[in-house]
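Topology and contacts: notes
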Amino acid sequence: MPEVFDVIVVGAGPAGEVVAGRVAAAGLSTVIVERELAGGECSYWACMPSKALLRPVDLAGEVSRVQGLRLDGPIDAGAVLAHRDTVVSNYDDSGQARWLDSAKVTLVRGAGRLTGARSVEVATADGGTRTLTANHAVVLATGSVPVIPPVAGLAAAQPWTNREVTAAHAAPDRLVVIGGGVVACEMAQAMRGLGSREVTMLVRGGGLLDRVEPFAGEAVARSLTEQGVDVRLRESAEKVERPEPGGAVTVRLTSGDTITADEILVATGRRPAIGDLGLASVGLPESRPVGVDDSMRATGVADGWLYAVGDVNGMAPLTHMGKYQARIASDVIVARARGEADDRPSMRDRADGLGAPQVIFTDPQVCAVGRTEAQARAEGFDVRAVEYEMGQVAGGYLLGDGYGGRAKAVVDESRRVLLGVTFVAPGAAELLHAATVAVAAGVTLDDLWHAVPSYPTVSEVWLRLLEEYGL
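All of these numbers come straight from a predicted model, not from anything done at the bench. (Residues numbered from 1 in each chain as written. Predicted model: local features only at pLDDT ≥ 70, side-chain atom pairs only at ≥ 80, totals over all residues. Heavy atoms only, no water.)

**Let's talk about the UniProt feature "domain: Pyridine nucleotide-disulphide oxidoreductase dimerisation" (unreviewed entry) in the protein**
- In this numbering, the UniProt entry assigns the feature "domain: Pyridine nucleotide-disulphide oxidoreductase dimerisation" (unreviewed entry) to residues 357-462.
- Helix and strand shares over residues 357-462 are 25% and 30% respectively, and the end C-alpha atoms of the span are 17 Å apart. (UniProt positions renumbered as here; feature names shortened; annotations may be inferred. Helix = DSSP H or I, 4+ residues; strand = E, 2+ residues; numbered from the N terminus.)

**A closer look at the packing of aromatic side chains**
- In the structure shown here, the tally under the stated rule is two aromatic pairs.
- Centroid distance Tyr44 to Trp45: 5.7 Å. Interplanar angle 55 degrees. Geometry classified as tilted. Taken individually, Tyr44 and Trp45 each receive the classification buried, so the pair is uniform in this respect.
- With a centroid separation of 5.9 Å and 75 degrees between ring planes, the pair formed by Phe423 and Trp462 is classed as edge-to-face. Here Phe423, found in strand 20 (residues 417-425), pairs with Trp462, found in helix 15 (residues 461-469); they are 39 residues apart in sequence, far enough to count as distant.
- On the basis of relative accessible area, Trp462 is assigned to the buried category, the value being 13%.
- The ring of Trp45 is capped by Arg163, whose NZ or CZ atom sits 3.6 Å from the centre of that ring.
- A cation over an aromatic ring shows up here: Arg384 above the ring of Tyr469, its NZ or CZ 4.4 Å from the ring centre. (Phe/Tyr/Trp six-rings, centres within 6.5 Å; stacked < 30°, edge-to-face > 60°. Buried < 20%, exposed > 50% of the residue type's maximum accessible area, 1.4 Å probe, protein only. Lys NZ or Arg CZ within 6 Å of the ring centre and 35° of its normal.)

**Notes on helix 15**
- Burial in helix 15 covers these residues: Val461, Trp462, Leu465, Leu466 and Tyr469. Take helix 15 and look down its axis: the buried residues cluster within an arc of 145 degrees, on one side only.
- Contacts from the buried residues of helix 15 go to strand 18 (383-389), strand 19 (406-412), strand 20, helix 13 (432-441) and helix 14 (445-448). (Arc of directions from axis to C-beta. Contact = heavy atoms within 4.5 Å.)

**Remarks on the side chain of Lys408**
- Summarising the element assignment, Lys408 is placed in strand 19.
- Classification of Lys408 by relative accessible area gives buried; the value is 5%.

**Describing the packing of helix 3 (residues 47-65) against helix 4 (residues 77-87)**
- Packing of helix 3 against helix 4 brings their axes to within 9 Å, and their N-to-C directions diverge by 150 degrees. Relative to helix 4, the element helix 3 lies roughly antiparallel. Relative to helix 4, helix 3 is oriented so that their crossing is right-handed. Seen from helix 3, the contacting residues are Met48, Pro49, Ala52, Leu53 and Pro56; seen from helix 4, they are Val80, Leu81, His83, Arg84 and Val87.
- Of the residues in the contact of helix 3 with helix 4, the class split is eight nonpolar, one polar and one charged. (Axes fitted to C-alpha atoms, helices over the stretch in contact; angles between N-to-C directions. Parallel < 35°, antiparallel > 145°, perpendicular 65-115°, else oblique. Left-handed = near helix turned anticlockwise from the far one by under 90°. Nonpolar A, V, L, I, M, F, W, Y, C, P; charged D, E, K, R; others polar.)

Put into structure tokens, the structure is as follows:
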């Protein structure tokens, strides 16, 4: 017989857990289905372990810029990796399972797939099958999986993805990185800092981090090069060979060169994890992300019982945005279950359309929210952009010799509000939320002029940007 719950959540990553926790707190009976570890990709193989690996490298850069401080030898990679294991709870999700239990959420371990309206079949971890039925809603929160490009021999060479590199027991002596995005840049820097003697990045395009302002990718490329990473732009792998499992890997490049390495990391993007989700059973295509409306309801599904949050809907593949979407979806689900109106502004998606905030934890850090100048112009805004060198701010000067970076603000001239802000500098991540508030709230430049930054802090760059604008 089917087991009946008010809400079924498929996927116990950050977005799924937020939905489950919020609807359960509102009194709805809730079950969450997870095929791997409760806590999901971010907790064990992405955000948390990668930042644990990058923090010592980042701090070493800070120390090198401050007079009177010096590193006494190289970074202790063993200690860093041991701390990484602590951060990921040694890949044990019992703590997450206890939290779900305390939140009155039933955890079912297994692979869930839709079998019809409000129905989910679970192939359980013990080899059995359970059928779950939802009174009100089914929420898909299955995240995303890495893309392995169709390079001859690459898949057979057992390449690393974000999972293998963040879980590594040691930095490989020689590492080839395919890609020029966030994972590629962060992990190239982490592995180099933790002891890799040779790190080579193969970047198909003409620069790194092509989704942010061009100067950001240029700054990261310079930093990586200074740290000994071989950044090869407009270069791709043509063929990969690894004759023996665990042995050396040979990469033949389109330029004709050949590189031999101990490991190869593929960081060329991700795709929504929709394989075997049973989308066809409810009339949805299985070849693209699950389309949703502003309340995270799946479009094309009658009666509005199916929702999709996080990477699986393809809107903004960032953990914090998945959790934001989860809060929207859960509030709508609860309102509908209670027979209340579900179209209040507080329940509508807003931040996704403005441009999600993002921090890239390289040294220098890249922090951006909203639109780039190119995006804003392409969308037809009346744009003016202003920039300022962050090393000229008094607070930056105090952070050490050679501290530098750049800030950029993209202004909608017709409304005199910020469309986008980018900071590129060591330790700039904590500057971003002020920019996020300004962009999301549509704070005018005239109002921002009265938000006085403290002296001497790096946040005084806000004043300098406004002065560059002419206020």
